[in-house]
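# Summary of structural features
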Amino acid sequence: MTGTSRAQAWTSSPERGSQSAIRLGVWTARRLGRPLARLLLYPVCLYFLASSPSAVRASSAYLRRALGRAPHLTDRFVHFLTFARCLLDRVFLLGEQSDAFEITVHGEEILRAIESQGGGCILLGAHFGSFEVARAIGRRRRRDLPISLLMYEENAQKIRAALAAINPNLATEVIGLGRLDSLITVAERLQRGHFIGVLADRNVDGRDLVRYPFLGTQAAFPQGPFRVAMLLQRPVVMMTGIYRGGRRYEVHFELLTEASEARPCDAAAWLDNIMTRYVARLENSCRDAPFNWFNFYDFWA
């Protein structure tokens, strides 16, 4: 199985699940509350640790690179547990309960400057920590802050279902990639001052991939999200929402390119430069908080 097909398999895994499972999970979390729901994550993670050998192998391969040593069984368990805790916190972060968390923000002035100029930027994230925490702090500042998510259509349908179960007001903020009108929709929302979030470290169709040094060897990253930013000529900001344990999250914003720089004479050089910066920043984040990266398939295949 290729790295691409492994990525496709992971996107259809129980991480996103059926609509009924999503509703049940949301209902359980709300009924029990966060402290009791977190206790249930221990047996759930033990189950997946015992029953998902391919995900465990992928976790081990990644942790070996990020930690710089052979991971222990406890390391693999903490990796799964960190993922589960971030998933659980989605229910509360998207359910307008962000005040229950301690969120430290670095680089918020970057977004304030963009917003003061009319808004509209590409927020590049990764399957790392929590993207939802960035949306939560945006809404904490301004409840009508327009934030949309751009993702592959299959995942978009499932995320819409999850959002509808948690907070119906958020369900329309997801834009599906691969549709004829996707780019037009993104351009229209950017024109209206939206912040468009996209996770740029995974590609499920295997097209338009470029390999960059990442955690000690070459890994493939998709050019698509960066091409969108170049075509639409908007500022590009990298966002990482790091889970630090307990109720603590740390959010970092870093400007990768100004709007005026997204009009390159040499498109290939521009893409290479911004992707090199993105991958280097992601690598730094993985070394700083290794249990926060959630690509449970052979990323380097």
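## With respect to the pairing of strand β9 (residues 248–257)
Burial runs high along β9: seven of the ten residues are buried. Note that strand β1 (residues 102–106) and β9 share five bridges and pair parallel. Counted as the bridge partner of I103 is Y249 from β9. The sheet contact formed by strand β8 (residues 236–245) and β9 spans nine bridges and is antiparallel. Residue M239 lies in a different strand from β9, and its bridge partner there is F253. The loop that links β8 with its antiparallel partner β9 comprises two residues; one of these, G246, has a positive phi angle of about 60°.

## Things to note about the packing of helix α10 (residues 224–232) against helix α11 (residues 267–288)
One way to put it is that α10 packs onto α11 with a least axis distance of 10 Å and a crossing angle of 125°. In this view, α10 runs oblique relative to α11, as classed from their interaxial angle. Where α10 crosses over α11, the two elements pack in a sense that is right-handed. Contacts from F226, R227, A229 and M230 of α10 reach α11 at A267, W270, L271, I274, M275 and Y278. By residue class, the composition of the contact of α10 with α11 is nine nonpolar, no polar and one charged.

## Observations regarding the nonpolar core
In terms of nonpolar packing, the biggest core is built from 43 residues, with L123, V237 and F253 touching the most fellow members. Top element by residues in this core is helix α5 (residues 73–94). It accounts for ten residues. Apart from residues lying up to four places away in sequence, L123 is in contact with L111, F131, F195, I196, G197, V198, V237, M239 and F253. Counting residues in hydrophobic clusters, the runner-up holds 41 residues, among them F128, V198, Y212 and F299.

About the cut-offs
- Residues numbered from 1 in each chain as written.
- Predicted model: local features only at pLDDT ≥ 70, side-chain atom pairs only at ≥ 80, totals over all residues.
- Heavy atoms only, no water.
- Buried < 20%, exposed > 50% of the residue type's maximum accessible area, 1.4 Å probe, protein only.
- Helix = DSSP H or I, 4+ residues; strand = E, 2+ residues; numbered from the N terminus.
- Pairing = 2+ DSSP bridges.
- Axes fitted to C-alpha atoms, helices over the stretch in contact; angles between N-to-C directions.
- Parallel < 35°, antiparallel > 145°, perpendicular 65-115°, else oblique.
- Left-handed = near helix turned anticlockwise from the far one by under 90°.
- Contact = heavy atoms within 4.5 Å.
- Nonpolar A, V, L, I, M, F, W, Y, C, P; charged D, E, K, R; others polar.
- Core = buried A, V, L, I, M, F, W, Y, C linked by side-chain atoms within 4.5 Å.

Function cannot be read off these values alone, since they describe shape.
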